[in-house]
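Chain by chain, the residues run as shown.
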Amino acid sequence: AFADDVGLTTQLIAAPSETVEKIRADIGTILEDMRSLVPAWERELRALVNTFVLATSAGEQASYNGASAFAAWGAVLLNPVSQKGLFNLAVTMVHESSHQKLFYAYLDDYVVLNDPDESYYSPLRRSQRPMNGIFHACYVTTCMASFVSDLLNTGQKSVVIEQLGEAESRETIKSYTAVVEDCFGVIDAHAELTDVGKTLLADLKSEIERIKT
């Protein structure tokens, strides 16, 4: 179900047991941090994800952080080998659970009407990709920026933020919002959206403005 179109997750293998145990402990630490500081994010993540699949890939393709797929409903793939601390892991968890959240919109609506065989400039990839992929990237990157912003705005000590540092966390938010605004440009110029898609896009733009102010 997780096999992708670029070969990153087509040859999944078990990660080293000691790495898996560390990631299991880190996931617990992150969920506790979320529960105490941003409980709405913790409740949402638990509602969307019931299984974390811990696996890496064979050969040179072991560098992916995570993945989610419509065909693996409720599950998120995490690569224990590529995680670089609590901040990276927490953002990956939010990234992939946000894909799951967007999947719900697709149950009842096409959201993006562009031909899946047509590709466009993608702010997050070297190669062009279909508009549906760009819309997903825009959505989940907004969620990542929102999550980190909400953690910082509590004004309380967070193990997730502490691992990266407040100043670097704020710079990370700026980089996320820059990518999202780049996505907005491509979507506004080329996307054919349903009414649901237009509503979702308007919500993303409002959220980015909230984060920036």
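In this report, we go over the structure that sits alongside the text.

Parameters at a glance
Residues numbered from 1 in each chain as written. Predicted model: local features only at pLDDT ≥ 70, side-chain atom pairs only at ≥ 80, totals over all residues. Heavy atoms only, no water. Pairing = 2+ DSSP bridges. Helix = DSSP H or I, 4+ residues; strand = E, 2+ residues; numbered from the N terminus. Contact = heavy atoms within 4.5 Å. Axes fitted to C-alpha atoms, helices over the stretch in contact; angles between N-to-C directions. Phe/Tyr/Trp six-rings, centres within 6.5 Å; stacked < 30°, edge-to-face > 60°. Buried < 20%, exposed > 50% of the residue type's maximum accessible area, 1.4 Å probe, protein only. Salt bridge = Lys/Arg side-chain N within 4 Å of Asp/Glu carboxyl O. Disulfide = S-S within 2.5 Å. Core = buried A, V, L, I, M, F, W, Y, C linked by side-chain atoms within 4.5 Å.

Pairing is mixed across the open sheet formed by 3 strands, whose spatial order is β2-β5-β4. Each edge of the open sheet carries a strand with a single partner, namely β2 (51–54) and β4 (66–67). With 2 bridges joining them, β4 and strand β5 (residues 75–78) adopt antiparallel strand pairing. In the sheet register, Gly66 faces β5, and the bridge partner there is Leu78. Together, β2 and β5 form the strand contacts of helix α1 (residues 17–37), whose direction differs from that of β2 by roughly 155°. Contacts from helix α3 (residues 86–108) reach β2, β4 and β5, with the element oriented near 145° to β5.

Any aromatic ring pair is given by two values, namely how distant the centres are and how the planes are angled relative to each other. The tally for this structure, following the rule as stated, stands at 5 aromatic pairs. Plain terms: the ring middles of Trp73 and Phe103 are 6.2 Å apart, the flat faces sit at 35° to each other, and that makes the pair tilted. Residue Trp73 is found in the loop between β4 and β5, and its partner Phe103 is found in helix α3; the two are separated by 30 residues along the sequence. For the pair Trp73 and Tyr104, a centre-to-centre distance of 4.9 Å together with 70° between the ring planes defines the contact as edge-to-face. Highlighted residues: Trp73 in the loop between β4 and β5 and Tyr104 in helix α3, separated in sequence by 31 residues. Trp73 sits in the partly exposed class, given a relative accessible area of 36%. On the basis of relative accessibility, which here comes to 40%, the residue Tyr104 falls in the partly exposed class.

A complete count under the given rule lists 14 salt bridges for this structure. A salt bridge links Glu42 to Arg35; its shortest N-O distance comes to 3.5 Å. Assessed through its relative accessible area of 6%, Glu42 is described here as buried. Of the charged contacts in the structure, one is a salt bridge between Glu44 and Lys101, with a shortest N-O distance of 2.9 Å. With Glu44 in helix α2 (residues 39–48) and Lys101 in helix α3, this residue pair connects regions lying 57 residues apart in the sequence. Residue class for Lys101 comes out partly exposed when judged on its relative accessible area of 34%. Within this structure, Glu32, Arg35, Glu42 and Arg46 form a network of salt bridges that share partners.

In the structure shown here, the tally under the stated rule is 0 disulfides. Lacking any disulfide linkage, Cys143 is separated from the closest cysteine sulfur, that of Cys138, by 9.8 Å. There is no disulfide at Cys183, and the cysteine sulfur nearest it, in Cys138, is 4.8 Å away. On the basis of relative accessibility, which here comes to 1%, the residue Cys183 falls in the buried class.

Moving on, we get to unusual backbone geometry. For residues other than glycine, phi is negative in most cases, and the peptide bonds are mostly trans. Even without being glycine, Val111 reaches a positive phi, approximately 65°. Mapping Val111 onto the fold places it in the loop between α3 and β6 (119–120).

As a further point, take the nonpolar core. Ranked by internal contacts, the top residues of the largest apolar core, which has 55 residues, are Ile30, Met34, Met93, Phe135, Phe147, Val148 and Ile187. Looking at this core, the elements that each hand over two or more residues are α1, α2, β5, α3, α4 (131–153), α5 (159–164), α6 (166–190) and α7 (195–212). For this core, the element with the most residues is α4, which contributes 13 residues. Residues contacting Ile187, with those up to four places away along its chain left out, are Met131, Ile134, Phe135, Cys138, Leu193 and Leu201. In this structure, Phe2, Ala55, Ala67 and Ala72 belong to the second largest nonpolar core, which totals 8 residues.

Any functional reading would require information beyond the geometric quantities listed.
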